[in-house]
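# Summary of structural features
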Amino acid sequence: MHRLAIRYVERYATSRKKLADYLNRKIRERDWQDADSPAVEQLVERFVAQGYIDDALYAQNKASALARRGYGARRVSQALYQAGISEADGREAFQISEANKWEAAEKFARKRKIGPYAESKPDAHKCRKQLQAFLRAGHDFDLANRFVLARPGEEITAED
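Residues numbered from 1 in each chain as written. Predicted model: local features only at pLDDT ≥ 70, side-chain atom pairs only at ≥ 80, totals over all residues. Heavy atoms only, no water.

## Quick look at the packing of aromatic side chains
Evaluated as defined, the whole model comprises six aromatic pairs. With a centroid separation of 5.1 Å and 50 degrees between ring planes, the pair formed by Tyr8 and Tyr12 is classed as tilted. Judged by its relative accessible area of 13%, Tyr8 falls in the buried class. Judged by its relative accessible area of 41%, Tyr12 is partly exposed. Measuring from ring centre to ring centre gives 5.8 Å for Phe134 and Phe147, while their planes differ by 20 degrees; the resulting arrangement is stacked. (Phe/Tyr/Trp six-rings, centres within 6.5 Å; stacked < 30°, edge-to-face > 60°. Buried < 20%, exposed > 50% of the residue type's maximum accessible area, 1.4 Å probe, protein only.)

Quick look at the structure:
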């Protein structure tokens, strides 16, 4: 079990929950027959104590990576929740995503050729679809609306 955990941690940046889920899945896949189930939680806590796992650092890296890819704060929050990051460990990561929300929205619009990055003004149906894509990416409605309703080539700036 220890070797599986070491191998996983050396290959992937991970959180406590993700490592525990991985180890529990491996136990199920290998049809563990022993009366005592392996001490997964103790192994995970030992890895945390040794510094192999740091949920706060994982959260910050995940938030930065998602923001660079154009995802908003809600999407970051959802990813951290799925990774089992506690609110205390994710607080700084959420602040990172809030601080970079304009750049993330701009990156998303540029990548998808929405609003000021579009070649031509889209019809109402396409605008609705673009707005939905923005919202699924975790951006708030007002910010998404500003990008979607912008004319091609129009310069929009962040409101502070």
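## A closer look at the side chain of Ser15
Relative to the assigned elements, Ser15 resides in the loop between helix H1 (2-11) and helix H2 (16-29). Judged by relative accessible area, Ser15 falls into the buried class, the value being 0%. For Ser15, the residues in contact, after removing those within four places along its chain, are Ile53, Asp55, Tyr58, Ala83 and Ile85. (Helix = DSSP H or I, 4+ residues; strand = E, 2+ residues; numbered from the N terminus. Contact = heavy atoms within 4.5 Å.)

## Overview of the environment of Glu154
The topology assignment puts Glu154 in the segment after helix H9 (141-148). A residue is classified by how much of its surface remains accessible, and Glu154, at 28% relative accessible area, is partly exposed. Separated by eleven residues in sequence, Glu154 and Leu143 place their C-alpha atoms 15 Å apart. A distance of 2.8 Å separates a polar side-chain atom of Glu154 from the backbone nitrogen of Arg151. (Polar contact = N/O pair within 3.5 Å; in protein donor to acceptor, adjacent residues only side chain to side chain.)

## Structural notes on the nonpolar core
One finds Leu80, Ile85, Phe108, Ile114, Phe134, Phe147 and Val148 to be the most contacted residues of the largest nonpolar core, which totals 27 residues. Only helix H4 (55-68), helix H5 (73-82), helix H7 (101-112), helix H8 (124-136) and H9 provide two or more residues apiece to this core. Excluding residues that lie within four positions of it along the chain, Val148 makes contacts with Ile114, Gly115, Cys127, Gln130, Leu131 and Phe134. Counting 14 residues, the second largest nonpolar core, distinct from the first, contains Leu23, Ile27, Phe47 and Ile53. (Core = buried A, V, L, I, M, F, W, Y, C linked by side-chain atoms within 4.5 Å.)

## Section: the environment of Arg136
Relative to the assigned elements, Arg136 resides in helix H8. The exposed category is assigned to Arg136, whose relative accessible area is 56%. Taking the C-alpha atoms as reference points, Arg136 and Arg74, separated by 62 residues in sequence, lie 8.8 Å from one another.

Just geometry here; none of it tells us what the structure is for.
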